[in-house]
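Architecture at a glance
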Amino acid sequence: MKPLNWAIIGPGAIAQQFAAAMVAMNRKVYAVGARNREKGQAFAQRYAIERVDDDIARLLSDPQIDAVYISTPHASHFGWMKLALEQGKHLLVEKAIVVSSSELNEINRLAQQKKLIVAEAMTLFHMPLYHQLKALITEGRLGNVKMIQVSFGSIKEPDPENRFFNPELAGGALLDIGTYALSFARFFLSSQPDRLLTTVSQFSTGVDEQSGILLQNNSNEIATISLAFRAKMPKCGLIACEKGSITVDDFPRAQRATLNWADGGSEIIEAGESERALQYEILNVEEYIAQGSNPLHYLTEDVVALMTDIRQQWGIRFPFEQQA
Ligand SMILES: NC(=O)C1=CN([C@@H]2O[C@H](COP(=O)(O)OP(=O)(O)OC[C@H]3O[C@@H](n4cnc5c(N)ncnc54)[C@H](OP(=O)(O)O)[C@@H]3O)[C@@H](O)[C@H]2O)C=CC1
Ligand SMILES: O=C1CO[C@H](CO)[C@@H](O)[C@@H]1O
(Lines give C-alpha, C1' and ligand atoms only; values in the text may rest on other atoms or scores of the structure.)
(Ligands and ions follow the chains in the order given, each with its own letter.)
Protein backbone atom coordinates (compact mmCIF):
# COMPACT_ATOMS: atom_id res chain seq x y z
CA MET A 1 0.00 0.00 0.00
CA LYS A 2 1.29 3.48 -0.83
CA PRO A 3 2.04 5.60 2.28
CA LEU A 4 -0.99 7.57 3.45
CA ASN A 5 -1.07 11.35 3.44
CA TRP A 6 -2.59 12.34 6.80
CA ALA A 7 -4.22 15.58 7.89
CA ILE A 8 -4.79 16.59 11.52
CA ILE A 9 -7.84 18.67 12.48
CA GLY A 10 -7.42 20.47 15.83
CA PRO A 11 -3.74 20.90 16.78
CA GLY A 12 -4.25 20.80 20.56
CA ALA A 13 -2.76 18.68 23.37
CA ILE A 14 -3.42 15.15 22.08
CA ALA A 15 -2.63 16.14 18.48
CA GLN A 16 0.94 16.82 19.63
CA GLN A 17 1.20 13.20 20.74
CA PHE A 18 -0.30 12.01 17.46
CA ALA A 19 2.14 14.06 15.37
CA ALA A 20 5.06 12.84 17.50
CA ALA A 21 3.91 9.23 16.98
CA MET A 22 3.78 9.81 13.21
CA VAL A 23 7.29 11.26 13.22
CA ALA A 24 8.58 8.35 15.33
CA MET A 25 7.12 5.92 12.78
CA ASN A 26 8.42 7.77 9.74
CA ARG A 27 4.89 8.52 8.55
CA LYS A 28 3.76 11.70 6.81
CA VAL A 29 1.49 14.35 8.31
CA TYR A 30 0.86 16.32 5.18
CA ALA A 31 -1.57 18.95 6.46
CA VAL A 32 -3.05 20.55 9.56
CA GLY A 33 -6.41 22.30 9.86
CA ALA A 34 -6.54 24.88 12.66
CA ARG A 35 -9.18 27.49 13.27
CA ASN A 36 -6.38 29.62 14.75
CA ARG A 37 -3.91 30.18 11.92
CA GLU A 38 -0.96 31.09 14.17
CA LYS A 39 -1.35 27.95 16.27
CA GLY A 40 -1.62 25.92 13.09
CA GLN A 41 1.55 27.42 11.70
CA ALA A 42 3.51 26.82 14.91
CA PHE A 43 2.30 23.20 14.93
CA ALA A 44 3.18 22.71 11.27
CA GLN A 45 6.64 24.09 11.81
CA ARG A 46 7.25 21.84 14.78
CA TYR A 47 6.33 18.67 12.88
CA ALA A 48 7.50 19.67 9.38
CA ILE A 49 3.93 19.73 7.98
CA GLU A 50 3.59 21.00 4.42
CA ARG A 51 0.11 22.56 4.39
CA VAL A 52 -1.73 24.65 7.02
CA ASP A 53 -5.23 25.99 6.57
CA ASP A 54 -7.55 27.89 8.89
CA ASP A 55 -10.42 27.06 6.53
CA ILE A 56 -10.87 23.45 7.58
CA ALA A 57 -13.61 22.70 5.04
CA ARG A 58 -11.34 23.91 2.23
CA LEU A 59 -8.47 21.82 3.58
CA LEU A 60 -10.64 18.69 3.64
CA SER A 61 -11.34 19.07 -0.08
CA ASP A 62 -7.62 18.63 -0.86
CA PRO A 63 -7.36 15.47 -3.03
CA GLN A 64 -3.85 14.81 -1.69
CA ILE A 65 -5.26 13.92 1.75
CA ASP A 66 -6.02 10.19 2.26
CA ALA A 67 -6.78 10.03 5.99
CA VAL A 68 -7.81 12.52 8.67
CA TYR A 69 -7.16 12.45 12.42
CA ILE A 70 -9.77 14.54 14.28
CA SER A 71 -8.71 15.84 17.70
CA THR A 72 -11.13 18.66 18.43
CA PRO A 73 -13.53 18.72 21.43
CA HIS A 74 -16.34 16.13 21.32
CA ALA A 75 -19.17 18.35 20.06
CA SER A 76 -17.37 19.12 16.79
CA HIS A 77 -16.30 15.56 15.85
CA PHE A 78 -19.52 14.74 13.97
CA GLY A 79 -19.45 17.81 11.72
CA TRP A 80 -15.80 17.37 10.73
CA MET A 81 -16.25 13.61 10.28
CA LYS A 82 -19.16 14.15 7.91
CA LEU A 83 -17.30 16.68 5.81
CA ALA A 84 -14.18 14.51 5.65
CA LEU A 85 -16.17 11.43 4.60
CA GLU A 86 -17.99 13.43 1.94
CA GLN A 87 -14.54 14.35 0.61
CA GLY A 88 -13.51 10.67 0.50
CA LYS A 89 -11.15 10.55 3.51
CA HIS A 90 -10.59 7.68 5.93
CA LEU A 91 -10.95 8.66 9.59
CA LEU A 92 -9.28 8.18 12.95
CA VAL A 93 -11.27 10.18 15.50
CA GLU A 94 -10.47 10.92 19.13
CA LYS A 95 -12.69 9.60 21.89
CA ALA A 96 -15.56 10.12 22.42
CA ILE A 97 -15.98 9.56 18.67
CA VAL A 98 -19.45 11.21 18.61
CA VAL A 99 -22.02 12.20 21.22
CA SER A 100 -24.86 9.82 20.31
CA SER A 101 -25.91 6.76 18.31
CA SER A 102 -27.95 8.90 15.94
CA GLU A 103 -24.75 10.74 14.96
CA LEU A 104 -22.85 7.45 14.60
CA ASN A 105 -25.59 5.87 12.47
CA GLU A 106 -25.32 8.75 10.02
CA ILE A 107 -21.52 8.44 9.94
CA ASN A 108 -21.75 4.67 9.38
CA ARG A 109 -24.17 5.13 6.46
CA LEU A 110 -21.88 7.64 4.80
CA ALA A 111 -18.71 5.58 5.39
CA GLN A 112 -20.38 2.49 3.97
CA GLN A 113 -21.62 4.35 0.93
CA LYS A 114 -18.16 5.79 0.27
CA LYS A 115 -16.28 2.58 1.27
CA LEU A 116 -14.20 4.41 3.87
CA ILE A 117 -12.77 3.36 7.22
CA VAL A 118 -13.88 5.00 10.46
CA ALA A 119 -11.89 4.16 13.60
CA GLU A 120 -12.02 5.53 17.11
CA ALA A 121 -8.75 6.55 18.78
CA MET A 122 -9.79 4.55 21.86
CA THR A 123 -6.31 3.62 23.05
CA LEU A 124 -7.23 0.37 24.77
CA PHE A 125 -8.81 -1.11 21.62
CA HIS A 126 -5.41 -0.80 19.96
CA MET A 127 -3.02 -1.80 22.77
CA PRO A 128 -1.40 -5.23 22.25
CA LEU A 129 -2.00 -6.14 25.91
CA TYR A 130 -5.77 -6.17 25.44
CA HIS A 131 -5.64 -8.65 22.61
CA GLN A 132 -3.45 -10.88 24.74
CA LEU A 133 -5.89 -10.66 27.68
CA LYS A 134 -8.85 -11.39 25.43
CA ALA A 135 -7.06 -14.43 24.01
CA LEU A 136 -6.32 -15.63 27.55
CA ILE A 137 -10.00 -15.39 28.52
CA THR A 138 -11.21 -16.95 25.27
CA GLU A 139 -8.86 -19.89 25.74
CA GLY A 140 -10.96 -20.76 28.85
CA ARG A 141 -8.44 -21.46 31.65
CA LEU A 142 -9.95 -18.65 33.74
CA GLY A 143 -13.52 -19.84 33.25
CA ASN A 144 -16.35 -17.49 32.41
CA VAL A 145 -16.28 -13.75 33.04
CA LYS A 146 -18.49 -12.96 36.04
CA MET A 147 -17.85 -9.38 37.24
CA ILE A 148 -16.01 -6.35 35.86
CA GLN A 149 -15.10 -3.25 37.88
CA VAL A 150 -13.74 -0.03 36.41
CA SER A 151 -12.89 3.22 38.18
CA PHE A 152 -11.64 6.46 36.68
CA GLY A 153 -11.51 9.77 38.57
CA SER A 154 -9.64 12.79 37.27
CA ILE A 155 -9.57 16.21 38.93
CA LYS A 156 -10.48 18.93 36.43
CA GLU A 157 -10.38 22.69 36.91
CA PRO A 158 -14.03 23.51 37.71
CA ASP A 159 -14.29 26.07 34.91
CA PRO A 160 -17.69 26.14 33.19
CA GLU A 161 -15.99 27.19 29.93
CA ASN A 162 -13.45 24.38 29.54
CA ARG A 163 -14.15 21.30 27.43
CA PHE A 164 -14.74 19.19 30.56
CA PHE A 165 -17.65 21.19 31.98
CA ASN A 166 -18.99 23.18 29.03
CA PRO A 167 -22.22 21.64 27.64
CA GLU A 168 -21.70 23.45 24.29
CA LEU A 169 -18.53 21.34 23.87
CA ALA A 170 -20.32 18.14 24.97
CA GLY A 171 -18.54 18.13 28.33
CA GLY A 172 -19.12 15.73 31.22
CA ALA A 173 -17.22 12.82 32.72
CA LEU A 174 -19.18 10.20 30.78
CA LEU A 175 -17.97 11.26 27.33
CA ASP A 176 -14.46 12.20 28.41
CA ILE A 177 -13.42 9.38 30.77
CA GLY A 178 -16.52 7.18 31.00
CA THR A 179 -15.94 6.21 27.40
CA TYR A 180 -12.66 4.54 28.47
CA ALA A 181 -14.35 2.70 31.34
CA LEU A 182 -17.26 1.53 29.16
CA SER A 183 -14.85 0.47 26.41
CA PHE A 184 -12.91 -1.60 28.94
CA ALA A 185 -16.10 -3.23 30.23
CA ARG A 186 -17.55 -3.88 26.77
CA PHE A 187 -14.24 -5.29 25.50
CA PHE A 188 -14.43 -8.09 28.08
CA LEU A 189 -18.20 -8.60 28.36
CA SER A 190 -19.23 -11.42 26.04
CA SER A 191 -22.22 -9.43 24.74
CA GLN A 192 -23.76 -5.96 24.88
CA PRO A 193 -25.48 -5.29 28.24
CA ASP A 194 -29.25 -4.90 28.09
CA ARG A 195 -29.79 -3.84 31.71
CA LEU A 196 -28.58 -0.50 32.96
CA LEU A 197 -28.80 1.19 36.40
CA THR A 198 -27.18 4.56 37.01
CA THR A 199 -26.91 7.44 39.42
CA VAL A 200 -25.37 10.84 38.69
CA SER A 201 -24.38 14.19 40.26
CA GLN A 202 -24.41 17.12 37.88
CA PHE A 203 -22.00 20.08 37.74
CA SER A 204 -23.48 23.60 37.83
CA THR A 205 -23.45 23.69 34.01
CA GLY A 206 -25.70 20.61 33.88
CA VAL A 207 -23.11 18.12 32.59
CA ASP A 208 -22.43 14.94 34.56
CA GLU A 209 -19.70 15.42 37.16
CA GLN A 210 -19.66 12.00 38.81
CA SER A 211 -21.64 8.84 38.43
CA GLY A 212 -22.11 5.18 39.20
CA ILE A 213 -23.12 2.81 36.41
CA LEU A 214 -24.20 -0.84 36.63
CA LEU A 215 -24.49 -2.99 33.52
CA GLN A 216 -25.68 -6.56 33.03
CA ASN A 217 -25.92 -8.70 29.91
CA ASN A 218 -27.88 -11.84 29.00
CA SER A 219 -25.06 -14.07 30.25
CA ASN A 220 -25.47 -12.50 33.71
CA GLU A 221 -22.06 -10.82 33.51
CA ILE A 222 -22.13 -7.59 35.54
CA ALA A 223 -19.96 -4.47 35.24
CA THR A 224 -19.75 -1.66 37.80
CA ILE A 225 -18.27 1.66 36.77
CA SER A 226 -17.33 4.70 38.90
CA LEU A 227 -16.50 8.04 37.29
CA ALA A 228 -15.51 11.39 38.82
CA PHE A 229 -14.31 14.73 37.51
CA ARG A 230 -13.58 16.36 40.87
CA ALA A 231 -12.01 13.47 42.78
CA LYS A 232 -9.01 11.34 42.01
CA MET A 233 -9.65 7.62 41.58
CA PRO A 234 -7.20 5.11 40.15
CA LYS A 235 -7.65 4.25 36.49
CA CYS A 236 -8.18 0.64 37.39
CA GLY A 237 -9.95 -2.18 35.58
CA LEU A 238 -10.66 -5.60 37.04
CA ILE A 239 -12.07 -8.65 35.26
CA ALA A 240 -13.20 -11.32 37.72
CA CYS A 241 -13.67 -14.79 36.24
CA GLU A 242 -14.64 -18.14 37.79
CA LYS A 243 -11.04 -19.25 38.37
CA GLY A 244 -9.15 -16.00 38.76
CA SER A 245 -9.09 -12.29 38.14
CA ILE A 246 -7.10 -9.86 36.03
CA THR A 247 -6.21 -6.38 37.29
CA VAL A 248 -5.14 -3.66 34.87
CA ASP A 249 -3.76 -0.47 36.44
CA ASP A 250 -3.66 2.72 34.36
CA PHE A 251 -5.83 0.75 31.98
CA PRO A 252 -6.24 3.18 29.04
CA ARG A 253 -2.65 2.71 27.83
CA ALA A 254 -1.62 -0.36 29.83
CA GLN A 255 1.29 -2.60 28.92
CA ARG A 256 1.00 -4.87 31.95
CA ALA A 257 -1.71 -6.72 33.92
CA THR A 258 -1.72 -8.98 36.96
CA LEU A 259 -3.48 -12.32 36.89
CA ASN A 260 -4.46 -13.66 40.33
CA TRP A 261 -5.59 -17.27 40.39
CA ALA A 262 -8.50 -17.93 42.79
CA ASP A 263 -6.62 -20.85 44.37
CA GLY A 264 -3.45 -18.76 44.95
CA GLY A 265 -0.56 -17.61 42.85
CA SER A 266 -0.22 -14.78 40.43
CA GLU A 267 1.32 -13.97 37.07
CA ILE A 268 2.34 -10.76 35.34
CA ILE A 269 1.21 -10.42 31.75
CA GLU A 270 3.00 -7.91 29.55
CA ALA A 271 2.57 -6.86 25.92
CA GLY A 272 3.33 -3.69 23.98
CA GLU A 273 4.51 -0.37 25.37
CA SER A 274 2.34 2.34 26.94
CA GLU A 275 4.41 5.02 25.26
CA ARG A 276 3.55 3.65 21.83
CA ALA A 277 -0.25 3.88 22.36
CA LEU A 278 -0.87 6.28 19.47
CA GLN A 279 1.50 4.36 17.21
CA TYR A 280 -0.67 1.25 17.65
CA GLU A 281 -3.73 3.28 16.63
CA ILE A 282 -1.99 4.44 13.45
CA LEU A 283 -0.77 0.92 12.60
CA ASN A 284 -4.27 -0.48 13.08
CA VAL A 285 -5.88 2.17 10.89
CA GLU A 286 -3.36 1.39 8.15
CA GLU A 287 -4.30 -2.28 8.46
CA TYR A 288 -8.06 -1.55 8.42
CA ILE A 289 -7.65 0.54 5.26
CA ALA A 290 -5.62 -2.21 3.59
CA GLN A 291 -8.20 -4.88 4.48
CA GLY A 292 -11.22 -2.65 3.88
CA SER A 293 -12.86 -2.99 7.31
CA ASN A 294 -12.48 -2.11 10.98
CA PRO A 295 -13.15 -5.28 12.99
CA LEU A 296 -13.48 -3.34 16.27
CA HIS A 297 -16.03 -0.79 15.12
CA TYR A 298 -18.84 -2.81 16.71
CA LEU A 299 -17.28 -2.06 20.12
CA THR A 300 -17.36 1.67 19.40
CA GLU A 301 -21.02 1.33 18.30
CA ASP A 302 -21.93 -0.55 21.49
CA VAL A 303 -20.16 1.96 23.76
CA VAL A 304 -21.79 4.93 22.00
CA ALA A 305 -25.18 3.16 22.37
CA LEU A 306 -24.57 2.74 26.12
CA MET A 307 -23.55 6.39 26.52
CA THR A 308 -26.65 7.45 24.58
CA ASP A 309 -28.90 5.38 26.88
CA ILE A 310 -27.11 6.57 30.03
CA ARG A 311 -27.47 10.26 29.12
CA GLN A 312 -31.10 9.63 28.26
CA GLN A 313 -31.63 8.11 31.73
CA TRP A 314 -30.05 11.21 33.25
CA GLY A 315 -32.06 13.58 31.06
CA ILE A 316 -28.83 15.32 30.02
CA ARG A 317 -28.98 16.76 26.50
CA PHE A 318 -26.44 19.16 25.06
CA PRO A 319 -27.70 22.55 23.81
CA PHE A 320 -26.96 21.66 20.16
CA GLU A 321 -29.03 18.47 20.54
CA GLN A 322 -32.01 20.41 21.85
CA GLN A 323 -31.93 22.56 18.70
CA ALA A 324 -31.76 19.43 16.49
N1 LIG B 1 -6.45 9.62 23.44
C2 LIG B 1 -6.09 10.33 24.49
O3 LIG B 1 -5.26 9.89 25.32
C4 LIG B 1 -6.66 11.68 24.68
C5 LIG B 1 -7.74 12.05 23.91
N6 LIG B 1 -8.31 13.27 24.05
C7 LIG B 1 -9.43 13.62 23.19
O8 LIG B 1 -8.92 14.45 22.14
C9 LIG B 1 -9.85 15.50 21.83
C10 LIG B 1 -9.19 16.84 22.06
O11 LIG B 1 -8.73 16.94 23.39
P12 LIG B 1 -7.45 17.85 23.75
O13 LIG B 1 -6.36 17.67 22.80
O14 LIG B 1 -7.23 17.63 25.20
O15 LIG B 1 -8.12 19.29 23.55
P16 LIG B 1 -7.40 20.71 23.31
O17 LIG B 1 -8.36 21.72 23.80
O18 LIG B 1 -6.01 20.70 23.81
O19 LIG B 1 -7.31 20.79 21.72
C20 LIG B 1 -8.45 20.90 20.91
C21 LIG B 1 -8.06 21.48 19.56
O22 LIG B 1 -9.22 21.60 18.75
C23 LIG B 1 -9.40 22.95 18.30
N24 LIG B 1 -10.83 23.21 18.21
C25 LIG B 1 -11.70 23.47 19.21
N26 LIG B 1 -12.95 23.55 18.74
C27 LIG B 1 -12.88 23.38 17.41
C28 LIG B 1 -13.81 23.38 16.36
N29 LIG B 1 -15.13 23.55 16.59
N30 LIG B 1 -13.39 23.17 15.11
C31 LIG B 1 -12.07 23.02 14.84
N32 LIG B 1 -11.12 23.02 15.80
C33 LIG B 1 -11.53 23.19 17.06
C34 LIG B 1 -8.70 23.78 19.33
O35 LIG B 1 -8.39 25.02 18.76
P36 LIG B 1 -8.07 26.33 19.66
O37 LIG B 1 -6.66 26.12 20.12
O38 LIG B 1 -8.25 27.44 18.69
O39 LIG B 1 -9.05 26.31 20.79
C40 LIG B 1 -7.48 22.91 19.63
O41 LIG B 1 -6.52 23.04 18.62
C42 LIG B 1 -11.08 15.21 22.67
O43 LIG B 1 -11.94 14.39 21.92
C44 LIG B 1 -10.52 14.42 23.86
O45 LIG B 1 -11.46 13.62 24.51
C46 LIG B 1 -7.78 14.16 24.91
C47 LIG B 1 -6.68 13.85 25.69
C48 LIG B 1 -6.05 12.56 25.66
O1 LIG C 1 -8.45 11.21 27.21
C2 LIG C 1 -7.93 11.79 28.14
C3 LIG C 1 -6.82 11.20 28.94
O4 LIG C 1 -7.22 11.10 30.28
C5 LIG C 1 -7.66 12.34 30.86
C6 LIG C 1 -7.98 12.08 32.32
O7 LIG C 1 -6.90 11.59 33.03
C8 LIG C 1 -8.87 12.83 30.08
O9 LIG C 1 -9.41 14.01 30.64
C10 LIG C 1 -8.44 13.08 28.65
O11 LIG C 1 -9.51 13.55 27.86
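Description of the structure in this document. (Residues numbered from 1 in each chain as written. Chains lettered and ligands numbered in written order. Predicted model: local features only at pLDDT ≥ 70, side-chain atom pairs only at ≥ 80, totals over all residues. Heavy atoms only, no water.)

When helices and strands are tallied, the protein shows eleven helices and 14 strands. Radius of gyration (C-alpha) of the protein: 20 Å, near the 20 Å computed for a compact globule of 324 residues. Each principal axis of the C-alpha atoms in the protein carries an extent, and together these give about 60 × 45 × 35 Å. Scored against the burial criterion, the 324 residues of the protein give a buried share of 54%. Taking the intrachain contacts of the protein between residues at least 6 apart in sequence as the baseline, contacts between residues at least 24 apart amount to 65%. A total accessible area of about 14100 Å² is found for the protein, and carbon and sulfur atoms account for 47% of it. Taken together, the 31 basic and 37 acidic charged side chains of the protein have centroids lying 3 Å from each other. (Helix = DSSP H or I, 4+ residues; strand = E, 2+ residues; numbered from the N terminus. Rg over C-alpha atoms; globule rule 2.2 N^0.38 Å. Buried < 20%, exposed > 50% of the residue type's maximum accessible area, 1.4 Å probe, protein only. Contact = heavy atoms within 4.5 Å. Areas by Shrake-Rupley, 256 points an atom, 1.4 Å probe, with all protein chains shown as cover. Lys, Arg positive; Asp, Glu negative; His and termini not counted. Charge placed at Lys NZ, Arg CZ, Asp CG, Glu CD.)

For the rest of this paragraph, the subject is the nonpolar core. Tyr130, Ile148, Phe184, Ile246 and Val248 are the most contacted members of the largest nonpolar core, which totals 89 residues. Broken down by element, this core gets its largest block of residues, eleven residues, from helix 8 (residues 173-188). Three or more residues apiece are contributed to this core by two domains, here domain 1 (6-120) and domain 2 (125-279 + 303-321). When near neighbours in sequence (up to four residues on either side) are disregarded, Ile246 contacts Leu133, Leu136, Ile137, Leu142, Gly237, Leu238, Ile239, Ala257, Thr258 and Leu259. Core analysis: the second largest hydrophobic core is formed by 25 residues, Ala31, Ile56, Met81 and Ala111 among them. (Core = buried A, V, L, I, M, F, W, Y, C linked by side-chain atoms within 4.5 Å. Domains from an automatic or database assignment.)

This brings us to the packing of aromatic side chains. Evaluated as defined, the whole model comprises 16 aromatic pairs. Measuring from centroid to centroid gives 6.4 Å for Phe125 and Phe187, while their planes differ by 25°, and the two rings are stacked. Remark: Phe187 occurs in helix 8 and Phe125 occurs in helix 6 (residues 123-126); sequence separation between them is 62 residues. On the basis of relative accessibility, which here comes to 2%, the residue Phe187 falls in the buried class. Centre to centre, the rings of Tyr130 and Phe188 are 6.0 Å apart; their planes meet at 40°, and the pair counts as tilted. Within this pair, whereas Tyr130 is found in helix 7 (residues 128-139), its partner Phe188 is found in helix 8, the two being separated by 58 residues in sequence. Assessed through its relative accessible area of 3%, Phe188 is described here as buried. Each residue in the set Phe125, Tyr130, Phe152, Tyr180, Phe184, Phe187, Phe188 and Phe251 is aromatic and connected to the rest through ring pairs, giving one cluster. Positioned over the ring face of Phe187 is Lys134, at 4.2 Å from the centre of the ring. Across from the ring centre of Phe164, 4.3 Å away, lies the NZ or CZ of Lys156, which sits over that ring. (Phe/Tyr/Trp six-rings, centres within 6.5 Å; stacked < 30°, edge-to-face > 60°. Lys NZ or Arg CZ within 6 Å of the ring centre and 35° of its normal.)

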